[in-house]
Amino acid sequence: MRKLFSISYTLSSINRATLVLRVFTGLLMLPHGYQKLSNYAEKKNEFMSLFGLGSPTTMALAIFAEFFCSILLVLGLFTRVATIPLIITMLIAVFMAHGGEIFGEAELATHYLVAYVTILILGPGDYSLDKVLNKKI
């Protein structure tokens, strides 16, 4: 019971928490990207066009972030780089698709945005492929 109310922490607990945050945030985003990927042909012209790129290109960029970058996040591979497209995608979802409403319909996108920014700050942690690759360098 004493440990439950403790304010101390260890590097190991931070690494475990980083692993949980990184893996589950990535896994929870994967279905969003997979749904877009599997319905690309039908939905590409209905998707929002961003910065004059056109709907198909904008949807492809969202798929890249939500599906492929989420896989990298789960693996802990190129973690900080992989979070950047995810952060951009969630910024667009919150501020353009939902008009800056961080609550209501945009709550999920806001939650993802906060999680991705946290992962960007924390990095991949010790339980990641980034850590394995850095040992070899």
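Please read all numbers here as calculations on a predicted model, not as lab measurements. Counting from 1, residues in each chain are numbered in the order their sequence is written. The model is predicted, so local features are restricted to residues of pLDDT at least 70 and side-chain atom pairs to those at 80 or more, both for listing and for counting; the totals for chains, interfaces and linings are taken over all residues. Hydrogens are left out, water is left out, and the side-chain values use all remaining heavy atoms of the structure.

A. Representation of the overall build of the protein in the model. In DSSP terms, a helix is any run of H or I states spanning at least four residues, a strand is any run of E spanning at least two, and both are numbered starting from the N terminus. Check the secondary structure of the protein and you find six helices and zero strands. Listed by position from the N terminus, the elements making up the protein come as α-α-α-α-α-α. Overall size of the protein, expressed as C-alpha extent along the three principal axes, is 55 × 40 × 25 Å. Residues counted as buried form 35% of the 137 residues belonging to the protein. Looking at the protein alone, contacts between residues at least 24 apart form 64% of all its contacts between residues at least 6 apart. A residue counts as positive if it is Lys or Arg and as negative if it is Asp or Glu; His and the chain ends are not included. Note that the charge is assigned to NZ on lysines, CZ on arginines, CG on aspartates and CD on glutamates. A gap of 18 Å separates the mean positions of the 11 positive and 8 negative side-chain charges of the protein. Exposure is judged per residue with a 1.4 Å probe applied to protein chains only, and the accessible area is read against the type maximum: over 50% gives exposed, under 20% gives buried, and values in between give partly exposed. The contact rule is simple, with two residues in contact once any of their heavy atoms fall within 4.5 Å.

B. Spatial organisation of the pattern of salt bridges. Salt bridges are defined as contacts in which a side-chain nitrogen from Lys or Arg sits within 4 Å of a carboxyl oxygen from Asp or Glu. Going through the model one piece at a time under the given rule, you end up with two salt bridges. In this structure, Glu66 engages Lys36 in a salt bridge whose closest nitrogen and oxygen atoms are separated by 2.8 Å. Here the residue Glu66 occupies a position in helix α3 (residues 55-75), and Lys36 occupies one in helix α1 (residues 11-38), the gap between them amounting to 30 residues. The burial state of Glu66 is the same as that of Lys36; both residues are buried. The partner of Lys131 in a salt bridge is Asp126, with the nearest N and O atoms 3.4 Å apart. A relative accessible area of 35% places Asp126 in the partly exposed class.

C. Quick look at the nonpolar core. To form a nonpolar core, buried Ala, Val, Leu, Ile, Met, Phe, Trp, Tyr and Cys residues must be joined to one another through side-chain atoms within 4.5 Å. Residues Met29, Leu73, Leu86, Met90, Ala109, Tyr112 and Tyr116 are the most contacted members of the largest nonpolar core, which totals 15 residues. If you list the elements that add at least two residues to this core, you get α3, α4 (79-97) and α5 (107-122). A total of six residues in this core trace back to one element, the largest contributor, which is α4. When near neighbours in sequence (up to four residues on either side) are disregarded, Leu73 contacts Arg22, Gly26, Thr79, Thr83, Leu86, Tyr116 and Ile119.

D. A nonpolar patch on the surface, seen in detail. Residues Met48, Phe51, Leu53, Leu61, Leu91, Phe95, Met96, Ile102 and Phe103 make up a contiguous nonpolar surface patch of roughly 910 Å² in combined accessible area. Ranked by residue count, the leading element in the nonpolar patch is α4, at three residues. Structurally, Met48 is set in the loop between α2 (40-43) and α3. What goes into a patch is any residue over 30% in relative accessible area without a salt bridge, connected to like charges within 9 Å or, for nonpolar side chains (Val, Leu, Ile, Met, Phe, Trp, Tyr), within 5 Å. Here the open area of atoms and residues is found with the Shrake-Rupley method and a 1.4 Å probe, where only the protein chains shown may cover a residue.

E. Quick peek at the packing of aromatic side chains. In this scheme Phe, Tyr and Trp rings, the latter by its six-membered ring, pair at centre separations within 6.5 Å, and the angle between planes marks the pair as stacked below 30 degrees, edge-to-face above 60, and tilted otherwise. Applying the stated criterion to the full structure yields three aromatic pairs. Ring geometry for Tyr34 versus Phe67: centroids 6.2 Å apart, planes at 40°, classification tilted. One end of the pair, Tyr34, is in helix α1; the other, Phe67, is in helix α3, and 33 residues separate them in sequence. With centroids separated by 5.0 Å and ring planes inclined at 90°, the aromatic side chains of Phe67 and Phe68 adopt a geometry described as edge-to-face. For Phe68, a relative accessible area of 41% corresponds to the partly exposed category. Feature note: the residues Tyr34, Phe67 and Phe68 constitute an aromatic cluster, connected by ring pairs.

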